[in-house]
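So the chains spell out like this:
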Amino acid sequence: QDLSVLKPLIPHSVLMSDSAMDPFYDPQFRVDVPQEYDGVVEEEDVQQGPSFTDTAKTKVKAALTTRSFYVLWFVPCFVFVVTMLIWTYLLLLATGFCIFWTAGLCIAACLLVTPCVRRSIALAVPLAILCIPAILVGSFFGSYIHEGYQVYTTFYSNTRKYENVDSSQPASAVADAGKLIFTEGTYVDVNNSVSYKAETGKVYCIAPIHTDASVTSIEFWAVGVNCCDKDGNFACDDSTDASVHSGAVVFDSEGFLTSSRYSYYELAQEKAEASYGLSTVEAALFVRWLNEDSLEYMQHHYRNLAIIFWIVCASVYCIISCALAFSLYQYSKVIFVKR
């Protein structure tokens, strides 16, 4: 049909628009938009949900005000710290007690998941989940600190101090020594020193201790790590000080978690014997050459390292335990009893 008859009925503004000039334009499909609508959606007209940050803050605040969260956090931390302390300081003196402690706590933690306990203690299952790793990890790190550091502190505190030791006397005569003060004139023979480079990259240094350079049977050896070059040139501790004639005995720790330096010193000893035609006894002692005022250095050194390592382990675990407790609280709070 001819649409020209509708022309008088179409507003002038529409006729002058680009759409009206379009030959395919059909006014019957035109949609009138209310004048009060400006095409902009006001922000307050849209209902927005809480953001991820707001949700996280709400969950954290809820956890921090709930006693159940603190129970899940502090109980495993306490178990970890006490277990690590026991294994660090009692492993050598009371090995059976350490094993009994760990085994007993693991059994007690497993009993928490039994039906009768779960009915009476709402936090039984999450506590068991968090405490068992705390027991095992605490035992592991306690053993590591003991074997790597604390055991030497115990050795030096329980061994004897000998004075006027002749470097030519049998080392077995002072086998229970921790500190040695040799006779005047005893020195470290740096001219007969050697170095042994291990596969780990560390250089183990050794030199004979005696009063007469013509003596080829060595009972005592001065040792050190990374304090000599490839040709020997021993410069460990106070070996370059001619007035020093004392030292601290180096002990061997036969542990499962830490490697021993003693075997590398023995390899360096064999190299020195072959290089300079020296001989030694089976019970020869390895000594850190120190002045008398520093004889307590080894004991304090290992004790401080044990304390530092213990503090670091406890701090890191408590932070990790907080995150684990919060996660377990969020996913398991349906079983918590509201206080």
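Everything discussed here concerns the structure shown above.
The rules we used
- Residues numbered from 1 in each chain as written.
- Predicted model: local features only at pLDDT ≥ 70, side-chain atom pairs only at ≥ 80, totals over all residues.
- Heavy atoms only, no water.
- Disulfide = S-S within 2.5 Å.
- Helix = DSSP H or I, 4+ residues; strand = E, 2+ residues; numbered from the N terminus.
- Buried < 20%, exposed > 50% of the residue type's maximum accessible area, 1.4 Å probe, protein only.
- 1 Å grid on protein atoms, 1.4 Å probe; cavity = no way out; pocket = protein on both sides within 12 Å on 5 of 7 lines; lining within 4 Å.
- Points joined across faces, edges and corners; volume = space filled by probe spheres on them.
- Nonpolar A, V, L, I, M, F, W, Y, C, P; charged D, E, K, R; others polar.
- Domains from an automatic or database assignment.
- Core = buried A, V, L, I, M, F, W, Y, C linked by side-chain atoms within 4.5 Å.
- Contact = heavy atoms within 4.5 Å.
- Pairing = 2+ DSSP bridges.

S.K.: Provide a residue-level description of the state of the cysteines, including the pertinent values.
M.R.: Summed over the entire model, instances satisfying the criterion amount to two disulfides. One disulfide bridge connects Cys-205 with Cys-228, the sulfur atoms lying 1.9 Å from each other. Torsion about the S-S bond of the Cys-205 and Cys-228 cystine: about -90 degrees, corresponding to left-handed handedness. Note that Cys-205 is positioned in strand 5 (residues 203-210) and Cys-228 in the loop between strand 6 (217-225) and strand 7 (246-249), a separation of 23 residues in sequence. Looking at Cys-205, the relative accessible area reads 0%, which means it is buried. The disulfide partner of Cys-227 is Cys-236, and the S-S distance across this bridge is 1.6 Å. Residues Cys-227 and Cys-236 are joined through a disulfide that is right-handed, its torsion about the S-S bond being 80 degrees. Sequence-ordered numbering of the disulfide-bonded cysteines in the protein chain gives the connectivity 1-3, 2-4. Cys-77 takes part in no disulfide bond, and the closest cysteine sulfur to it belongs to Cys-318, at a distance of 3.4 Å. Taking the relative accessible area as the measure of exposure, Cys-77 reaches 5% and is therefore buried. Sulfur of Cys-110: no disulfide; nearest cysteine sulfur belongs to Cys-106 and is 6.6 Å away.

S.K.: Give a description of the layout of surface pockets that names residues and reports values.
M.R.: Quantified by volume, the largest pocket comes out at close to 550 Å³. Considering the residues around the largest pocket, the lining is formed by 25 residues, among which Gly-148, Tyr-152, Ser-259, Arg-261 and Tyr-302 are closest to the centre. Put simply, the parts of the chain that give the lining of the largest pocket at least two residues each are helix 7 (124-158), helix 8 (262-276) and helix 9 (297-332). The leading source of residues in the lining of the largest pocket is helix 7, at six residues. A breakdown of the residues in the lining of the largest pocket according to their chemical character gives 15 nonpolar, six polar and four charged. A domain split of the lining of the largest pocket shows at least three residues from each of domain 1 (66-148 + 303-338) and domain 2 (161-290).

S.K.: Hey, could you go over the nonpolar core for me, with residue numbers and the actual values?
M.R.: With 57 residues, the main nonpolar core has Leu-180 and Phe-220 as its most contacted residues. Ranked by the residues each element gives to this core, the list is headed by helix 7, at twelve residues. Each of domain 1 (66-148 + 303-338) and domain 2 (161-290) contributes no fewer than three residues to this core. Among residues more than four places away in sequence, those in contact with Phe-220 are Val-165, Asp-166, Ser-167, Gln-169, Ala-171, Val-174, Leu-180, Phe-182, Pro-208, Ile-209 and Leu-285. With 16 residues, the next largest nonpolar core counts Trp-221, Val-250, Tyr-264 and Tyr-265 among its residues.

S.K.: How would you explain the pairing of strand 6 if you had to name every residue and give the values?
M.R.: Burial runs high along strand 6: seven of the nine residues are buried. For strand 5 and strand 6, the ladder comprises six bridges, and the chain directions are antiparallel. Considered in strand 6, the bridge of Ile-206 is made with Val-223. Hairpin connection from strand 5 to strand 6: six residues lie between these consecutive antiparallel strands. Inspection of the sheet shows strand 6 paired to strand 8 (residues 279-289) by five bridges, in the parallel sense. Residue Ser-217 lies in a different strand from strand 8, and its bridge partner there is Ser-279.

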